[in-house]
Amino acid sequence: MPAPSGDRFPLLRLLVLAGAIFVSVSSEFLPTGLLPEIAADLDVSESRVGLLVTIFALTVVVSTAPLTLLTRRFSRKWLLIAMLGVFALSNVLAASAETYEALAGARVLGGLAHGLFWAVATPYTALLVPANQLARAVSVTTAGGSFAFILGVPFTAAVGNALGWRAAFAVMAALVVGFALLAVFLLPVREHRRPAPATHPGVAPARDTSWTALGIVAVTVLLVAIGHNSFYTYIAPWAIEVAGVPGDQVSLMLLFYGIAGAVGLLVAAVFGDRYPRLTMNLMIAALIVTILLVAVGGRGLILAVVVLSLWSVAFGGLPSLFHTRALHASSGRIRDLAGAAITTAFNAAIGGGALIGGIVFDNLGVAAVPYVAALIVAVGLVWVLLTDPLRIRSHPSEAHRG
């Protein structure tokens, strides 16, 4: 069944999908707010616990494209629901893990489900709305990721501080099951397979030039998100050791960080359609400035909340802008793989960022991490500015925009 052609906006269905994304992202970043607690209980270093984010993300990187290709013929709805079931199981296994290795194994299972879930979720959004509602629909669904930082990560951190980190994983497993049940009853089945374009006998099909534009977006995601995550993964130890925030107030700091991210998402939703390139470029530049501002000015709970909120506003709208750009950049023939490409780039960046941040943490101290993060994002901005003309040549219809 194709996407509806009318103007009715399927808000309830998009909110269900946003909720599924919420629990997915909250589960992915759950260890971030509980690094000290997990490290102490399993008797490992905080940087090693940070590598759980890397393990999860690298699993996504390795598995997403092959799993997407293997499952292209399956129903998008039921594939999403199946992956939520696997995700719930991975959280149950994490909650019961008695060793670091067992916890890492649970994260690998979660990474397998997460990668395929994200590869399907964004193209599935495009099946629910006509083309002229795509940017708004993507803003709604990716808001689930933003609210994971507003509510999910702070909530699991608060549960972990009160009841132990294992309880945080158990509660998240229950929430995943709840949204999977909502998806069963409220999400429709849509036909996602597109016929191959007709060709004349003996004539090779035309090369799909949208691969070039999609590749440019993927590299942009990789660079910018590596910089962001090299710092964000270690935000809890940075807040405690550098900013002087008491450990029991880190969840409050993360709550304000997440709320500010929603403001960034709103900025992207308001300006992203009219000025797509300008909005993205300005938000990347603001990300560099605000990370440096955090590094030099975030001392004490109040100042830390203020500067971290500015950082979050700068980053908050970028995932939505990246996903929307990827969908618009992709032709109908490769749209179901666009989600896999951007998911792989994001998770390579999450894993790479956690790894780079951990190396800096161990060798130079956590105070040096934000400076390295800002430098990497700056490289990403240079890439965007240098490749933008190439992107326009690949897609002339975009040349007048932004």
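To keep things clear, this report deals only with the structure shown in the data block.

1. Observations concerning the side chain of Ser 312
Structurally, Ser 312 can be placed in helix H12 (residues 301-316). Using a relative accessible area of 4% as the deciding quantity, one classes Ser 312 as buried. Only 2.9 Å separates the side chain of Ser 312 from the backbone nitrogen of Gly 261, close enough to count as a polar contact. Beyond its immediate sequence surroundings of up to four residues, Ser 312 is in contact with Tyr 257, Ala 260 and Gly 261.

2. Thoughts on helix H5 (residues 100-128)
Over its 29 residues, H5 runs 41 Å from end to end, which matches the ideal 42 Å to within 8%, given 1.5 Å per residue. Counting buried positions along H5 gives 23 out of 29 residues, so the element sits mostly inside the fold.

3. What to know about the pattern of salt bridges
Overall, the coordinates contain three salt bridges when judged by the stated rule. The closest approach of N and O atoms between Asp 41 and Arg 166, which form a salt bridge, is 3.2 Å. One end of the pair, Asp 41, is in helix H2 (residues 35-42); the other, Arg 166, is in helix H7 (residues 165-186), and 125 residues separate them in sequence. Residue classification places Asp 41 among the partly exposed positions, given a relative accessible area of 43%. Given a relative accessible area of 23%, Arg 166 falls into the partly exposed group. Put simply, Arg 166 and Glu 98 hold a salt bridge, and the shortest N to O gap is 4.0 Å. In this pair, Arg 166 sits in helix H7 while Glu 98 sits in the loop between helix H4 (76-95) and H5, placing the two residues 68 residues apart along the sequence. Among the residues examined, Glu 98 registers a relative accessible area of 63% and is labelled exposed. Taken together, the shared-partner salt bridges connect Asp 41, Glu 98 and Arg 166 into one network.

4. Thoughts on empty space enclosed by the protein
Over the atoms a probe the size of a water molecule is rolled, and this reveals where empty space is left. Applying the stated criterion across every chain yields a total of four cavities of 30 Å³ or more. Of the pockets and cavities examined, the largest cavity occupies roughly 430 Å³. Lining of the largest cavity is provided by 26 residues; of these, Val 25, Phe 149, Phe 315, Pro 319 and Phe 346 occupy positions nearest its centre. Contributing elements (two or more residues each) for the lining of the largest cavity: helix H1 (11-28), H5, helix H6 (134-163), helix H8 (210-232), helix H10 (250-271), H12, helix H13 (318-329) and helix H14 (335-364). Among the residues making up the lining of the largest cavity, the classes are represented as eleven nonpolar, 14 polar and one charged.

Conventions used here
Residues numbered from 1 in each chain as written. Predicted model: local features only at pLDDT ≥ 70, side-chain atom pairs only at ≥ 80, totals over all residues. Heavy atoms only, no water. Helix = DSSP H or I, 4+ residues; strand = E, 2+ residues; numbered from the N terminus. Buried < 20%, exposed > 50% of the residue type's maximum accessible area, 1.4 Å probe, protein only. Polar contact = N/O pair within 3.5 Å; in protein donor to acceptor, adjacent residues only side chain to side chain. Contact = heavy atoms within 4.5 Å. Expected span 1.5 Å × (residues − 1). Salt bridge = Lys/Arg side-chain N within 4 Å of Asp/Glu carboxyl O. 1 Å grid on protein atoms, 1.4 Å probe; cavity = no way out; pocket = protein on both sides within 12 Å on 5 of 7 lines; lining within 4 Å. Points joined across faces, edges and corners; volume = space filled by probe spheres on them. Nonpolar A, V, L, I, M, F, W, Y, C, P; charged D, E, K, R; others polar.

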